[in-house]
Amino acid sequence: MNLGSYLKSRQRLVERSLDRHLPKPTVKPATIHKAMRYSLFAGGKRLRPILCLAAAEACGGNVERALPLACAVECIHTYSLIHDDLPAMDNDDYRRGKLTNHKVFGEGIAILAGDALLTEAFEIAAACKGWPRYSHRDVVLEIARAAGSLQLIAGQVADLEGEGRKISAAELRYIHERKTSALLCCSARLGGMSANCTPAQLKALSDFGCHVGLAFQIIDDILDVTQTSEQLGKTAGKDNAAQKATYPAIVGLDESRKTARKLTGRAFKALDIFRGKAAALEALATYLLQRDR
C-alpha cells in the first residue's frame, strides 16, 4: 500500500473531526480554547488516531464510526504532552517545532488546557454509540484505564522517580509499557471495538499495540541521542541531560535497535489472525520502526 497517501488521507479525517469536536477559539473563555487548540493542532502526525482507524479497518469496521474514539485518544495524548513539557516535569521549550504550551500561555493555562483536553476525550467517547459486544461502559473503561494511575500516569511517575538513578532494563520496560505503549495499545483496541471485533481479534490488537508501543519508545530513545533538535522538532539530548534511563544508555544503540526490530516482528506475528486484511497496521509498524523523527 502507499503509506504516504494513507497517512495524509487519515490525517485529514482526524483533523476535521477534531475541529468539529473542540469548542471554537472564540468561545468564552477564549484563552483556554485557544490553548487547547494550539497544542492539538500543532502539527502532530496523528499516529495514535490513525492506528485506531487502521485497527477498525482490519476488523472490517467503518472508519467514520471509529473517528470519535480516535479523536478521544488524540486529546489524551496531547494533554499528556502539554503536562510532560511543564517545568515541573520535563521542562521543555519546544514541541513539534513550536514553543510549548506553557511558553505561550503560561503554566496555569497550560495545566488547565491539558485538564480540559483529558476531560474532552471522555465527552467525545461518551457521545459514541455502543456496539453489540462493547457498551459505553466498556469504551469509557478502556480509555480510563489506559490514561489512569496504573498505566499512562504510572509511567510518568516512574519516569520522574527514575531520573538521576540507575535503573534496570526491567524497570525501564515498566516505564515504557505504561508511558507510551498503554495508549498505543488502547488506540488499537478502541479501533477494534468500534468494529465490534471478536474477542480473538481484540487480543491480537492488544498484542500488536503493546509490541509496537514498546518499539516506538525505544526508537524515540535512539532518536534523542542521534538526531538534532531541528530534526526532532523538540530539544534533542534532553533525556541524557536529565539523567533519564533510556534503552541506549542501558543496553547500547545496537542492542536497542535489535530489540525494536524483535518487538516489531512480534507485532507482525500478532496480525496473522487478520489474514492479509491488516496491511495498514503492518505498514504503520514498519514506518514506526524506520522513522527518523
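> Could you give me a rundown of the nonpolar core, with the residues and numbers involved?
Core analysis: the largest hydrophobic core is formed by 73 residues, its most contacted members being Leu190, Phe208 and Leu281. Ranked by residue count, the leading element in this core is helix α4 (residues 63-84), at 12 residues. Those residues in contact with Leu190 that sit more than four places away from it in its chain are Cys52, Leu69, Val73, Val139, Glu142 and Ile143. Ranked by size, the runner-up nonpolar core spans 14 residues in total, among them Leu172, Ile218, Ala260 and Leu263.

> Can you explain the packing of α4 against helix α9 (residues 169-194)? Please cite residues and give values.
Packing of α4 against α9 leaves a shortest axis separation of 8 Å and a crossing angle of 170°. By the angle between their directions, the pair α4 and α9 is classed as roughly antiparallel. For the pair α4 and α9, the crossing hand works out as right-handed. Residue-level contacts link Arg65, Ala66, Leu69, Val73, Ile76, His77 and Asp84 of α4 to Lys179, Leu183, Ser187, Leu190 and Ser194 of α9.

> Lay out a positive patch on the surface in plain terms, naming residues and giving numbers.
Where like charges cluster on the molecular surface, the positive patch consists of Lys8, Arg12, Arg16 and Arg20. By secondary structure assignment, the location of Arg16 is in helix α1 (residues 3-21).

> Which residues make up helix α15 (residues 279-290), and what values go with them?
Between the first and last C-alpha of α15 there are 17 Å, a value that for 12 residues agrees with the 16 Å anticipated at 1.5 Å per step. All buried positions along α15 are accounted for by Ala280, Leu281, Ala283, Leu284, Ala285 and Leu288. In this structure, the buried side of α15 is in contact with α1, α3 (47-58), α10 (199-226) and α14 (253-270).

> Which residues make up the state of the cysteines, and what are the values?
Taken as a whole, this structure holds zero disulfides when the rule is applied. Between Cys75, a cysteine without a disulfide, and Cys71, which holds the nearest cysteine sulfur, the sulfur-to-sulfur distance is 6.8 Å. There is no disulfide at Cys210, and the cysteine sulfur nearest it, in Cys185, is 3.6 Å away.

> Describe in detail the environment of Met1, supporting the description with residues and values.
In this structure, Met1 sits in the segment before α1. On the basis of relative accessible area, Met1 is assigned to the exposed category, the value being 55%. Expressed as a C-alpha distance, the spacing of Met1 and Tyr247, which sit 246 residues apart in the sequence, is 32 Å. Dropping the residues within four chain positions of it, Met1 is found in contact with Tyr6, Ala279, Ala280 and Ala283.

> Let's hear about helix α7 (residues 136-147): which residues, and what values?
Quick reminder: α-helices carry 3.6 residues per turn. Residues three or four places apart thus point the same way. When the terminal C-alpha atoms of α7 are compared, their 17 Å separation across 12 residues agrees well with the 16 Å that a helix rising 1.5 Å per residue should span. Listed in full, the buried residues belonging to α7 are Val139, Glu142, Ile143, Ala146 and Ala147. Projected down its long axis, α7 carries its buried residues within an arc of 115°, all on one side. Turned more than 90 degrees off the buried face of α7, the exposed positions are Arg137 and Arg145. Contacts from the buried residues of α7 go to α4, α6 (107-126), α8 (152-162) and α9.

Thresholds, definitions, all that
Residues numbered from 1 in each chain as written. Predicted model: local features only at pLDDT ≥ 70, side-chain atom pairs only at ≥ 80, totals over all residues. Heavy atoms only, no water. Core = buried A, V, L, I, M, F, W, Y, C linked by side-chain atoms within 4.5 Å. Buried < 20%, exposed > 50% of the residue type's maximum accessible area, 1.4 Å probe, protein only. Helix = DSSP H or I, 4+ residues; strand = E, 2+ residues; numbered from the N terminus. Contact = heavy atoms within 4.5 Å. Axes fitted to C-alpha atoms, helices over the stretch in contact; angles between N-to-C directions. Parallel < 35°, antiparallel > 145°, perpendicular 65-115°, else oblique. Left-handed = near helix turned anticlockwise from the far one by under 90°. Patch = residues over 30% accessible without salt bridge, like charges linked within 9 Å, V, L, I, M, F, W, Y side chains within 5 Å. Areas by Shrake-Rupley, 256 points an atom, 1.4 Å probe, with all protein chains shown as cover. Salt bridge = Lys/Arg side-chain N within 4 Å of Asp/Glu carboxyl O. Lys, Arg positive; Asp, Glu negative; His and termini not counted. Charge placed at Lys NZ, Arg CZ, Asp CG, Glu CD. Expected span 1.5 Å × (residues − 1). Disulfide = S-S within 2.5 Å. Arc of directions from axis to C-beta.

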